[in-house]
Amino acid sequence: MIHVYCYSRCSTCKKALKWLDENKVKYELIDIKENHPDEKTLRILHKKSGLPLRRFFNTSGLIYREMELSKKLPDMSEDDMYKLLASDGMIVKRPLLVSDDKVFTGFKEDEWKTIL
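Residues numbered from 1 in each chain as written. Predicted model: local features only at pLDDT ≥ 70, side-chain atom pairs only at ≥ 80, totals over all residues. Heavy atoms only, no water.

**Q** Pulling in residues and values, what's your account of the overall build of the chain?
**A** Within the chain, the regular secondary structure consists of six helices and four strands. Ordered by position in the sequence, the α and β elements of the chain form the string β-α-β-α-α-α-α-β-β-α. The C-alpha atoms of the chain give a radius of gyration of 14 Å, which matches the 13 Å a tight globule of 116 residues would have. The principal-axis extent of the C-alpha atoms belonging to the chain is close to 40 × 25 × 25 Å. For the chain, with 116 residues in total, the buried portion stands at 42%. In the chain, the proportion of contacts linking residues at least 24 apart, taken out of those at least 6 apart, comes to 67%. By element, 48% of the accessible surface of the chain is carried by carbon and sulfur atoms, the whole surface being about 6,900 Å². (Helix = DSSP H or I, 4+ residues; strand = E, 2+ residues; numbered from the N terminus. Rg over C-alpha atoms; globule rule 2.2 N^0.38 Å. Buried < 20%, exposed > 50% of the residue type's maximum accessible area, 1.4 Å probe, protein only. Contact = heavy atoms within 4.5 Å. Areas by Shrake-Rupley, 256 points an atom, 1.4 Å probe, with all protein chains shown as cover.)

**Q** Mind laying out the sheet that holds strand 4 (residues 103–105), listing which residues take part and the relevant values?
**A** Ordered by their spatial adjacency, four strands build an open sheet running 2-1-3-4, and the pairing between neighbours is mixed. What marks the edges here is a single partner per strand, and that holds for strand 2 (27–31) and strand 4. Ignoring strand direction, the axes of neighbouring strands in this sheet form an average angle of 15°. Note that strand 1 (residues 2–6) and strand 3 (residues 96–98) share three bridges and pair antiparallel. Paired with H3 across the bridge in strand 3 is V98. (Pairing = 2+ DSSP bridges. Axes fitted to C-alpha atoms, helices over the stretch in contact; angles between N-to-C directions.)

**Q** Mind laying out the pairing of strand 2, listing which residues take part and the relevant values?
**A** Bridge count between strand 1 and strand 2: five bridges; the pairing is parallel. Residue pairing for strand 2: H3 is matched across the bridge by E28. With helix 1 (residues 11–22) bridging strand 1 and the parallel strand 2, this β-α-β connection has right-handed handedness. (Right-handed = clockwise from strand over helix to strand, strands pointing away.)

**Q** If you had to explain the packing of aromatic side chains to someone new, which residues and values would you point to?
**A** Taken as a whole and judged by the stated rule, the model has three aromatic pairs. Taking 6.1 Å as the distance between ring centres and 75° as the angle between the ring planes, the aromatic pair formed by W19 and W112 counts as edge-to-face. One end of the pair, W19, is in helix 1; the other, W112, is in helix 6 (residues 109–115), with 93 residues separating them in the sequence. When sorted by exposure, W19 lands in the same class as W112, which is buried. Taking the centre distance of 4.8 Å and the plane angle of 80° together, the rings of F107 and W112 count as edge-to-face. For the pair F107 and W112, a shared accessibility class is recorded, and that class is buried. One aromatic cluster in this structure is built from W19, F107 and W112. (Phe/Tyr/Trp six-rings, centres within 6.5 Å; stacked < 30°, edge-to-face > 60°.)

Shown next, in the form of structure tokens:
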């Protein structure tokens, strides 16, 4: 089963869900604001993704800018980054697509085609 963490007011999430529906991909939708991944889950997803941890941050989000995370992240430990990501789903890059063996941050149609 594919799980997709999204925020209902996010235009990129809407575009991704539309693409999934048009391609008849079954998925479970998870509201990232209400049910964001905890620290343990984020560690698992990060390892599974093979991506740098910084790719899990919503760099265009209001909280990211308000907290000036672009300046703080380079000096943060991974443990601190995980704690921060787990503190608020709006900090996490979305949509976050999770399949049995892959994790993608953001909607990139070409990447999603490779697993769906």
